[in-house]
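# Coordinates in review
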Amino acid sequence: ILAVLALVLASLVEPYQMGSSDYIRTLLIVSLCYVVLIAIQVGCPLQFNTPNSKRFESPITPAAYAFSVWGIIFMLEAASVVITLVPGCESWSRPIFMRVGKLMAATWLAEASWTTIQYLQQQLRPGRELAIGFWAAALALVLGHVLVSLALREGVLELQAVMERGKPSALDEQLMAAQQAHSGKTLSVEEEAARVLGQSGQEGAISSWGVAGACVLYIFPLALNAGWMGLATCLGIMQVCAVHGLSYLSMVTPGLCLMVLAACTLGAQPWCAVPPMPFTFKTHLPHLMAHLSYKLVLAWGLLGIRQAGRPKQVHDLALVLLLALPAIGAAGITIKVWLGNRLGWLAPRSTGYQAAPSFETAK
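As the structure is a computational prediction, the values presented were derived from the model and not from experiment.

## Some details on the overall build of the chain
What the chain contains, in helices and strands, is 13 helices and 0 strands. Out of the 363 residues in the chain, the part that is buried amounts to 48%. The contacts of the chain with a sequence gap of at least 6 include a subset with a gap of at least 24, amounting to 83%. Accessible surface, the chain as shown: approximately 17,500 Å² in total, 69% of it carbon and sulfur.

Here's what the structure looks like:
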């Protein structure tokens, strides 16, 4: 029903410059995948107090309330699809949606596969679980984490490209300054830019409200999803260890190692886009949102582990990692900026989408 309604609404909006057929096709695919995800989440509810779930509980499993973060993630991701249909928002929402939409859809299918496998495993009698099922669930988590991490990176890069659209180049500024001097006007470069683009029927750079909306509806849920999928991957690995005969106490040491590994990799966020230079709050807001969202979901998971009554070693390590998250994040940003300068990662990247004409062309 959601897919049909989205298709009908999409046919009513103004055709987009990338081609309305491509947008509608992507919208239909993403909507169908979201319907599949929600249907499986509702039809295959996971229980956390059954004999099977208790049997394969690991020392690093957070309290049950921590999993409520999925509701926030799914609602915001649904809003990121709906916002592309809102008039006035398509100029900044659709480029990001077209770039990350299919990766989001693939992530939802991976998450739906994991839920289905876990549900089927819970329906079996204790002692009849299949090891291959836990391996398949762990593989689905790893695949989903990789896909949503790629979607987050592509979303940050595309939002950066959208912010660069309509920004005057050095030659454009010289041309507008010459025109102002010739005509005796006292307009600023930004005012002249708005006038020129208004005459050509093109849009200028994205507004600050548009950047904030894109960060809340795209960067924030994707970062939450990526961080939580990373933590869920650690839990999937521990379940594989349990199904192969490791006792609860024997999994404490592997669990501690996984906690440190997750905090260092997810906390540093090595695969996210390198912040552009020079620094301005508007251009760095997507990167700041991605980093803060990662730290938020990691802190949420560590708090859940502390509240779940785990062994003292796990309890103490969760507190240490929770306090060290800001330092880990700062170290990750420093390393990425240094590598970006050394390897040229800070250079502008072409997104493959048709940008608005330059000011020289518009004039």
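There's more to say after this.
## Examining the packing of aromatic side chains
Each aromatic ring pair is described using two quantities: the centre-to-centre distance and the angle formed by the ring planes. This structure, assessed with the given rule, holds 5 aromatic pairs. When the centroid spacing of 5.1 Å and the interplanar angle of 70° are considered together, the rings of Tyr 34 and Trp 108 count as edge-to-face. Of this pair, Tyr 34 sits in helix H2 (residues 20-43) while Trp 108 sits in helix H5 (residues 90-123), placing them 74 residues apart in sequence. Neither residue differs from the other here; Tyr 34 and Trp 108 are each classed as buried. Residues Trp 70 and Phe 74 carry aromatic rings whose centres are separated by 5.4 Å and whose planes lie at 20° to one another, so their mutual orientation is stacked.

## With respect to the nonpolar core
Of all hydrophobic cores here, the largest spans 82 residues; its most connected members are Ile 60, Trp 92, Trp 228 and Met 259. Breaking this core down by element, the ones donating at least two residues are H2, helix H4 (69-82), H5, helix H6 (131-164), helix H9 (208-243), helix H10 (252-268), helix H11 (281-306) and helix H12 (312-343). If sequence neighbours within four positions are ignored, Met 259 has contacts with Ile 60, Leu 302, Ile 305, Val 314, Leu 317, Ala 318 and Leu 321.

## Examining the pattern of salt bridges
Here the idea is simple: oppositely charged side chains can pair when their charged atoms come close. Applying the stated criterion across every chain yields a total of 4 salt bridges. Across the pair Arg 25 and Asp 22 runs a salt bridge, and its minimum N-O distance is 2.9 Å. Of this pair, Arg 25 and Asp 22 both sit in helix H2, separated by 3 residues, roughly a single helical turn. When its relative accessible area of 46% is taken as the criterion, Arg 25 is described as partly exposed. Here Arg 99 ties to Glu 158 by a salt bridge, and the two come within 2.8 Å at their closest N and O atoms. A residue pair is termed long-range when its members are at least 10 positions apart, and Arg 99 in helix H5 and Glu 158 in helix H6 qualify at 59 residues. Across the pair, Glu 158 and Arg 99 agree in class, each one buried. Through salt bridges with shared partners, a single network forms among Arg 99, Glu 154 and Glu 158.

Rules used throughout
- Residues numbered from 1 in each chain as written.
- Predicted model: local features only at pLDDT ≥ 70, side-chain atom pairs only at ≥ 80, totals over all residues.
- Heavy atoms only, no water.
- Helix = DSSP H or I, 4+ residues; strand = E, 2+ residues; numbered from the N terminus.
- Buried < 20%, exposed > 50% of the residue type's maximum accessible area, 1.4 Å probe, protein only.
- Contact = heavy atoms within 4.5 Å.
- Areas by Shrake-Rupley, 256 points an atom, 1.4 Å probe, with all protein chains shown as cover.
- Phe/Tyr/Trp six-rings, centres within 6.5 Å; stacked < 30°, edge-to-face > 60°.
- Core = buried A, V, L, I, M, F, W, Y, C linked by side-chain atoms within 4.5 Å.
- Salt bridge = Lys/Arg side-chain N within 4 Å of Asp/Glu carboxyl O.

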